[in-house]
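# Working through the structure, step by step
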Protein chains: 2
Amino acid sequence: MGDKAVILLSGGLDSATTLAIAASQGYTCYALSFDYGQRHRCELAAAADIARAMRVAGHKTVGLGLDAIGGSALTDNRIDVPDHATVGIPVTYVPARNTVFLSIALGWAEVLGAQDIFIGVNAVDYSGYPDCRPEYIHAFEVMANLATRAGVEGRPVRIHTPLIDLSKADIIRQGTQLGVEYVRTISCYNPDADGRACGVCDSCRLRAAGFKAAGIDDPTHYQSG
Amino acid sequence: MGDKAVILLSGGLDSATTLAIAASQGYTCYALSFDYGQRHRCELAAAADIARAMRVAGHKTVGLGLDAIGGSALTDNRIDVPDHATVGIPVTYVPARNTVFLSIALGWAEVLGAQDIFIGVNAVDYSGYPDCRPEYIHAFEVMANLATRAGVEGRPVRIHTPLIDLSKADIIRQGTQLGVEYVRTISCYNPDADGRACGVCDSCRLRAAGFKAAGIDDPTHYQSG
């Protein structure tokens, strides 16, 4: 058994690839998902399916009432998800989301005795999300090692971001080599009740362009076409 | 109306004092509580009562399934709360709790357009909690200003810790001057069904000693005595 690692698993393409990378590096993987009032709840079913298919050592879904504080098109029904490319920080940005997710991962890592946390953030396609940048991840790691029993006792936590410099095509190529079944993943901001992708939101566009650039058939189930 | 601030409000003595201090500094106060599977759930009722009594501009309670990751006597029924003073990091330490709470406060501050967050951490009586130390708070602030839209756009967030260097007696003196009604607060790790304090846990001992040292009558309802 390798060292334990906590992997943030959303049900999307990036986090599934991140999980495959952590497993390929020999870590015993514990996947962590969040039920945070997201509109696209079928991603939780996808996360559970991926965790099972990739035979993780454990998978927890933590409930998180972020809808109480609102502020994002992904949790607040009064804000529309745009169907066009955006500039700057998009309305789909959930305030402090990665910070909240990493914080809970930090807590679980401490309970498990794990020193390694994997998150599938990407600075190439991050579309203006401040909490996907390397300098943010570094600052989180510094903070984490002052926050916890492990850090205080000399067992530092490491935040791994294996996708941070990769293009979507590179991510898909690497995941495909590692056996990720992308048909199980959901990236769309506006999926229908059957979990089929809209094909027009920012996230769908990035994903479709990634498969095309990688020269790999796109297995995504789209709503029409 | 003063600038908006988010205040972490647990229902305990320290956070009620922190709220009174923020209000006395002219902030328009938004109180934030968490339903995180804590055993001592009457503290949520106390938080709501304090928020009402102190006429905050808003009060949210965010659900947080920390019991899914376990690891603390405060959320895990299989770990006993000690009835004696402890050394080192106690079992009542909830993994990464302040980091999780501050992260969600950061998200709400961003939604509100607030740059100020208050937390009642205390480095004097912190009994070995790593996330109550000034160096941790500073590292969180650095991280927060890389994590958020506000930080990126030049409106930095400040984490205020007005109690960090105060003794319990000083906290109680200051709160009493500001009109905090401590009878509404609950500090005990093992309260009974009516919210009455056990009088013997670490938190009860610190609180009782604080009232004594401050020379102020202790209004706490104890289970017997």
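Summary of the structure given here. Just so it is clear, the model here is predicted, and its values are computed rather than measured.

On to the overall build of chain A, then. Of the regular secondary structure elements, chain A holds 7 helices and 5 strands. Listing the helices and strands of chain A from first to last along the sequence gives β-α-β-α-β-α-β-α-α-β-α-α. For chain A, with 225 residues in total, the buried portion stands at 51%. Restricting the contact set of chain A to residue pairs at least 6 apart, pairs at least 24 apart contribute 70%.

Residue and element names in this part refer to chain A. Read across the open sheet, the 5 strands follow the order β3-β2-β1-β4-β5; overall the sheet is parallel. Edge positions in the sheet fall to β3 (58-63) and β5 (158-160), since each has one partner strand and no second. Each adjacent strand pair in this sheet contributes to an overall mean axis angle of 25°, direction not counted. Taken together, the 3 bridges between strand β1 (residues 4-8) and strand β4 (residues 116-118) define a ladder with parallel strand orientation. Across the sheet, Ile 7 pairs through a bridge with Phe 118, a residue of β4. Relative to the sheet, helix α3 (residues 97-112) contacts β1, β2 (28-35), β3, β4 and β5, its axis offset from that of β1 by approximately 160°.

Right, let's get into the interface of chain B and chain A. Counting residues at the interface gives 37 residues for chain B and 37 residues for chain A. Elements with a contribution of two residues or more to the side of chain B that touches chain A: β3 (58-63), α3 (97-112), α4 (134-147) and α5 (149-152) of chain B. Top element by residues in the side of chain B that touches chain A is α3 of chain B. It accounts for 9 residues. The class makeup of the residues in the side of chain B that touches chain A is 23 nonpolar, 9 polar and 5 charged.

A separate point is the relation of the copies chain B and chain A. Between chain B and chain A, which share one sequence, the superposing operator has a rotation angle of 180° and an axial displacement of 0.0 Å; the RMSD is 0.0 Å. With respect to symmetry, the two chain copies, as superposed, fit the operation of a two-fold axis. Taking C-alpha positions as reference, the residue of chain B nearest the rotation axis is Leu 64 of chain B, located at 2.3 Å. Interface overlap between copies is the fraction of interface residues in one copy that are interface residues in the other; for chain B against chain A it reaches 100%, indicating a shared surface.

What follows concerns the packing of helix α1 (residues 13-24) of chain B against helix α6 (residues 168-177) of chain B. All names here are of chain B. Packing of α1 against α6 brings their axes to within 9 Å, and their N-to-C directions diverge by 45°. With respect to their mutual orientation, α1 and α6 come out oblique. The hand of the α1/α6 crossing is left-handed. On α6, the residues that touch Leu 13, Asp 14, Ala 16, Thr 17 and Ala 20 of α1 are Ile 171, Gln 174 and Gly 175. For the contact of α1 with α6, a count of residues per class yields 4 nonpolar, 3 polar and 1 charged.

Moving on, we get to the environment of Val 100 of chain B. With respect to the element layout, Val 100 of chain B can be found in helix α3. Between the alpha carbons of Val 100 of chain B and Gly 58 of chain B there is a distance of 20 Å; along the sequence they are 42 residues apart. Those residues in contact with Val 100 of chain B, other than ones at most four positions away along the chain, are Val 100, Ser 103, Ile 104 and Gly 107 of chain A together with Leu 64 of chain B.

What counts and what doesn't
- Residues numbered from 1 in each chain as written.
- Chains lettered and ligands numbered in written order.
- Predicted model: local features only at pLDDT ≥ 70, side-chain atom pairs only at ≥ 80, totals over all residues.
- Helix = DSSP H or I, 4+ residues; strand = E, 2+ residues; numbered from the N terminus.
- Buried ≥ 20, exposed ≤ 12 C-beta atoms within 10 Å, placed from the backbone.
- Contact = placed C-beta atoms within 7 Å.
- Pairing = 2+ DSSP bridges.
- Axes fitted to C-alpha atoms, helices over the stretch in contact; angles between N-to-C directions.
- Nonpolar A, V, L, I, M, F, W, Y, C, P; charged D, E, K, R; others polar.
- Least-squares fit on C-alpha atoms with pLDDT ≥ 70 in both.
- Parallel < 35°, antiparallel > 145°, perpendicular 65-115°, else oblique.
- Left-handed = near helix turned anticlockwise from the far one by under 90°.

The values reported here are purely geometric and, on their own, carry no functional implication.
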